[in-house]
Amino acid sequence: YQLSMDIIVMIRVCKMFRQGLRGFREYQIIESSHRKHPIFSFWDKKKQGRITFDTMDFVAEEGHFPPRAIQITQKKPAWRTEQEIQALCNVLQVLDSYRNYTEHLQLLLAKIMRFERFGRRRVILKKGQRGNSFYFIYVGTVAVTEDEDGSSAFLDPHPTLLCRGSCFGEMGLLSAGIRRATVVCLEETEFLVVDREDFLANKLDEEVQKDAEYRFQFFRKLDLFGSWSDEKLWELVTLGKVEKYSYGQLIEKDFVESSFILLICKGSCEVLRLIDLQTSPYYYKWIWQHLELIDNIPLRVHFDESNPILRFREFQIASYPLQDFSFLKLLHLQETWKQQETSFNNTIKTSGNSLPKLLGPKIKSRRAQSIRCPMVNTQFGELPKEAVVGAYMKIHTVEQGEIVGFHQAFLPEHQRDMRPLSLISLGTELLRLRKEKFYEMIDDETREKLSRSDIEYPSDDDMCQRLLKENSWNIFRKDLVRLLVEPHKMPPFTPFQPKRKSIYNPKSLILDLCSVNKKIKPHHPVFMTSQKYLPPLRIVQAISAPRHKIQELLPQYKNAGVLL
């Protein structure tokens, strides 16, 4: 009886103790993992044994560091097994700054790093002190300030922030200099810390030195830095920050206004320009040329030319300045011609009772359109609201050894091209350096070489014309392939597969002018991008427009066989 009573008291004490622990973040993570993800096992026939899997080792609340990984980082570096180091390295692949290192260096860092969690207003680095640690941010946000206690980060409306995936303090491992800034937590933040003692004991400084030596030799071979001394080139390598980007990853949203210079060490990247098509007169003319075909009028009607007398009379009617009563003007002109029997050589008299009077300023009467849809006023006229779109155009490819970010920096401000330009990676490794540091280091010879290598990018009108030509050619090519191939092939048997719900739909990137005046709601999300000082703009890759049949465009080919 006494033993039973002791067990009951112990259970009650444990319940009260667990309730008191619920205020701690780490306990909340582990406790929820225990409750939601139990241990399960199954029998393996090959090994003739039972395999047990504990999901609690890799499961945590969303975004937080897994409890199993925390247990690994609590061990001493010498006690960690190769499997534990590899598992920790896999968890850290979500950090961009960690992926910038080589695979061998990633494993060495995973062997020596430890886990830390700090609350809001905790000062991580203090200005003026010597740094002995290097920090990776796994969860949370920190601010970089110039004061010693970090209080200005909570008063400054636009502080310098570092978020998940960033790192800081790496110079404290390679040099014994003092900190130049203070880093303070803006919220509860989780860090992975590399201490200087472990860094040197495991010879990570030698691996870092090898990477720096490789970059030094790469820059020494470039003609741009031929006049630089070894000391200045080493300063460039140490001040820069190495970053790696995978294929299709955004490097800079607008590198024209960026405060960094990018030196491409490996791979290549593309320069893209977002074009607002409604600002081009060629796009306006192209749209209305195709919308005129929306009534499926045969091509020969457009090729037939009217009598010169009738065309001159139509020109007089269209050019006569009126506001909103063109139909009334046409009736008056026809009655006047019948009464006076005038010819096309006579001028039209605007005085008298035969023509209506003007009610406002003189403007050209617009041609009546059969399109009924919401319109938007542009500087060239009205366009359908759905036709107000934008497109990304590739204007340049940056290869290995080139520099991005100094675009027309040595020209006067009134001569610079300040259009926003984006940089997309094609599998790139680059060195990021602040502009003011780079401009302090360059000499007159380097400045002259940069001025000669500067590229003048094409205008938006030229890129719009190129886009419309490529789009017209793609439409003609698809129609031609459909005419030649489809009648002669049998569709293969394809089993029915249910459609999966997905965010991306190819139709969302195509502007369909054939359904402009139809009230059809798209069943897919439309891609929008923000414009500077303007509302978001829909992005398209192609335009599907009303067009004539290919047999009308090529009447000399009566059938597909002759055309082939």
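First, a word on what this report is: a plain description of the structure on this page. These numbers were taken from a predicted model, which means no experiment stands behind them. (Residues numbered from 1 in each chain as written. Predicted model: local features only at pLDDT ≥ 70, side-chain atom pairs only at ≥ 80, totals over all residues. Heavy atoms only, no water.)

## A closer look at the side chain of asparagine 100
So the rule is basically this: Helix numbering and strand numbering both begin at the N terminus, where a helix is a DSSP run of H or I of at least 4 residues and a strand a DSSP run of E of at least 2. Two N or O atoms count as a polar contact when they lie within 3.5 Å, although within protein this holds only if one can serve as hydrogen donor and the other as acceptor, and sequence-adjacent residues are included solely when both atoms are side-chain atoms. Here, two residues are considered to be in contact whenever any of their heavy atoms come within 4.5 Å of each other.
Its location among the elements puts asparagine 100 in the loop between helix H5 (96-99) and helix H6 (103-112). Among the polar contacts made by the side chain of asparagine 100, one reaches the main-chain carbonyl oxygen of valine 242 at a distance of 3.4 Å. There is a polar contact of 2.7 Å between the side chain of asparagine 100 and the backbone nitrogen of lysine 244. Once residues lying within four places of it in the same chain are set aside, the contact partners of asparagine 100 are Val242, Glu243 and Lys244.

## Quick look at the pattern of salt bridges
Spelled out, the test is: Each salt bridge in this description consists of a side-chain nitrogen of Lys or Arg and a carboxyl oxygen of Asp or Glu lying within 4 Å of one another. For each residue, the accessible area found with a 1.4 Å probe, counting protein chains only, is set against the maximum for its type, and the residue is called buried under 20%, exposed over 50%, and partly exposed in between.
If you walk through the whole model with that rule in mind, you get 20 salt bridges. Across the pair glutamate 190 and arginine 117 runs a salt bridge, and its minimum N-O distance is 3.3 Å. Of this pair, glutamate 190 sits in strand S10 (residues 189-195) while arginine 117 sits in strand S3 (residues 114-118), and the two are 73 residues apart along the sequence. A relative accessible area of 1% means that glutamate 190 is categorised as buried. Its salt-bridge partner being glutamate 470, residue arginine 466 comes within 3.9 Å of it at the nearest N-O pair. Highlighted residues: arginine 466 and glutamate 470, both in helix H17 (residues 460-485), separated by four residues, approximately one helical turn. Taking relative accessible area as the criterion, glutamate 470 reaches 39% and is therefore assigned partly exposed. In the salt-bridge network here, residues are joined through shared partners; they are Arg68, Lys75 and Glu84.

## Some remarks on unusual backbone geometry
Despite not being glycine, arginine 121 shows a phi value in the positive range, around 70 degrees. Here arginine 121 shows up in the loop between S3 and strand S4 (123-125). When its relative accessible area of 49% is taken as the criterion, arginine 121 is described as partly exposed. Unusually for a residue other than glycine, lysine 203 sits at a positive phi of about 60 degrees. Tracing the backbone shows lysine 203 in the loop between helix H8 (196-201) and helix H9 (204-221).

## Structural notes on the sheet that holds S3
Threshold: A pair of strands counts as paired when DSSP detects no fewer than two bridges linking them.
Judged by pairing direction, the sheet is antiparallel, and its four strands sit side by side in the order S3-S10-S5-S8 without closing on themselves. Two strands lie at the open edges of the sheet, namely S3 and strand S8 (167-168), each paired on one side alone. In this sheet, S10 lies alongside S3 in antiparallel orientation, the contact comprising five bridges. Along S10, the bridge assignment pairs phenylalanine 115 with leucine 192.

## So, helix H16 (residues 444-453)
Note the threshold: Each C-beta atom gives one direction from the helix axis, and the arc is the one those directions make.
Among all positions in H16, only Thr446, Lys449 and Leu450 are buried. Down the axis of H16, the sector holding all buried residues measures 100 degrees, keeping them to one side. Exposed residues on H16 whose side chains face more than 90 degrees from its buried face are Asp444 and Arg452. Each element contacted by the buried residues of H16 is listed here: strand S16 (403-404) and helix H15 (435-441).

## Focus on the nonpolar core
Inclusion rule: Here, nonpolar core means buried Ala, Val, Leu, Ile, Met, Phe, Trp, Tyr and Cys residues that are tied together by side-chain atoms lying within 4.5 Å of each other.
Core analysis: the largest hydrophobic core is formed by 39 residues, its most contacted members being Phe255, Val271, Tyr283, Ile287, Leu423, Leu511 and Leu513. For this core, the secondary-structure elements that each account for two or more residues are strand S11 (241-252), strand S12 (260-276), helix H11 (281-291), strand S15 (389-398), strand S17 (422-434) and H17. If we ignore the near neighbours within four places in the chain, the residues touching leucine 423 are Gln249, Leu250, Ile251, Glu252, Phe255, Leu262, Cys269, Glu270, Val271, Val398 and Val404. Of all hydrophobic cores here, the second largest spans 28 residues; its members include Phe115, Phe134, Leu173 and Phe199.

## With respect to H9
A turn of α-helix holds 3.6 residues, and therefore any two residues three or four places apart point the same way. Inclusion rule: What a helix should span is 1.5 Å times the count of its residues minus one.
An ideal rise of 1.5 Å per residue puts 26 Å on 18 residues; H9 measures up with 27 Å between its terminal C-alpha atoms. Turning to H9, its buried residues number three or more, namely Leu204, Glu207, Ala212, Arg215, Phe216, Phe218 and Phe219. Taken together, the buried residues of H9 touch H6, H8, helix H10 (230-239), S11, S12 and S17.

## Looking at the environment of cysteine 269
Mapped onto the secondary structure, cysteine 269 falls in strand S12. For cysteine 269, a relative accessible area of 0% puts it in the buried group. On a C-alpha basis, the gap between cysteine 269 and glutamine 249 in space is 9.6 Å, while along the polypeptide they are 20 residues apart. Setting aside residues no more than four positions away along its own chain, cysteine 269 makes contact with Ile251, Ile264, His396, Thr397, Val398, Leu423, Ile424, Ser425, Leu426 and Thr428.

## Observations regarding the side chain of aspartate 195
Residue position: aspartate 195 is located in strand S10. Within the structure, aspartate 195 has its side chain in polar contact with the side chain of arginine 114 (distance 2.8 Å).

## Describing the sheet that holds strand S6 (residues 142-145)
We count it as follows: The axes are straight lines fitted to the C-alpha atoms, using for helices just the contacting stretch, and the angles between their N-to-C directions are given from 0 to 180°.
One open sheet accounts for four strands, arranged S4-S9-S6-S7; its pairing is antiparallel. Edge positions in the sheet fall to S4 and strand S7 (160-162), since each has one partner strand and no second. Averaged over all pairs of adjacent strands, the angle between strand axes in this sheet comes to 35 degrees, irrespective of strand direction. With three bridges connecting them, S6 and S7 associate as antiparallel partners. Following the sheet pairing, valine 144 is matched in S7 by threonine 160.

## Quick notes on a nonpolar patch on the surface
This is how it is decided: Residues with no salt bridge and a relative accessible area higher than 30% make up the patches, which join like charges within 9 Å and nonpolar side chains (Val, Leu, Ile, Met, Phe, Trp, Tyr) within 5 Å. Note on areas: Shrake-Rupley with a 1.4 Å probe; residue coverage comes only from the protein chains shown.
Taken together, the side chains of Tyr1, Met5 and Ile8 present a nonpolar region at the surface, about 350 Å² in accessible area. Along the chain, tyrosine 1 falls in the segment before helix H1 (2-21).

## Remarks on the packing of aromatic side chains
The criterion, for reference: Whether two aromatic rings pair depends on their centres lying within 6.5 Å, for rings of Phe, Tyr and Trp, where Trp uses its six-membered ring; planes under 30 degrees apart make the pair stacked, over 60 edge-to-face, and the rest tilted.
Across all of its chains, the model carries 15 aromatic pairs by this definition. For the pair phenylalanine 65 and phenylalanine 115, a centre-to-centre distance of 5.2 Å together with 5 degrees between the ring planes defines the contact as stacked. With phenylalanine 65 in the loop between strand S2 (49-54) and helix H3 (67-73) and phenylalanine 115 in strand S3, the pair connects residues that are 50 residues apart, well separated along the chain. Both rings, one in tyrosine 135 and one in phenylalanine 191, keep their centres 5.8 Å apart while their planes meet at 75 degrees; by these two values the pair is edge-to-face. Residue tyrosine 135 is located in strand S5 (residues 133-139), and its partner phenylalanine 191 is located in strand S10; the two are separated by 56 residues in the primary sequence. Residue classification places tyrosine 135 among the buried positions, given a relative accessible area of 9%. According to the relative accessible area criterion, phenylalanine 191 is buried, its value standing at 0%. Grouped by ring-pair contacts, the aromatic residues Tyr98, Tyr101, Phe134 and Phe136 constitute a single cluster.

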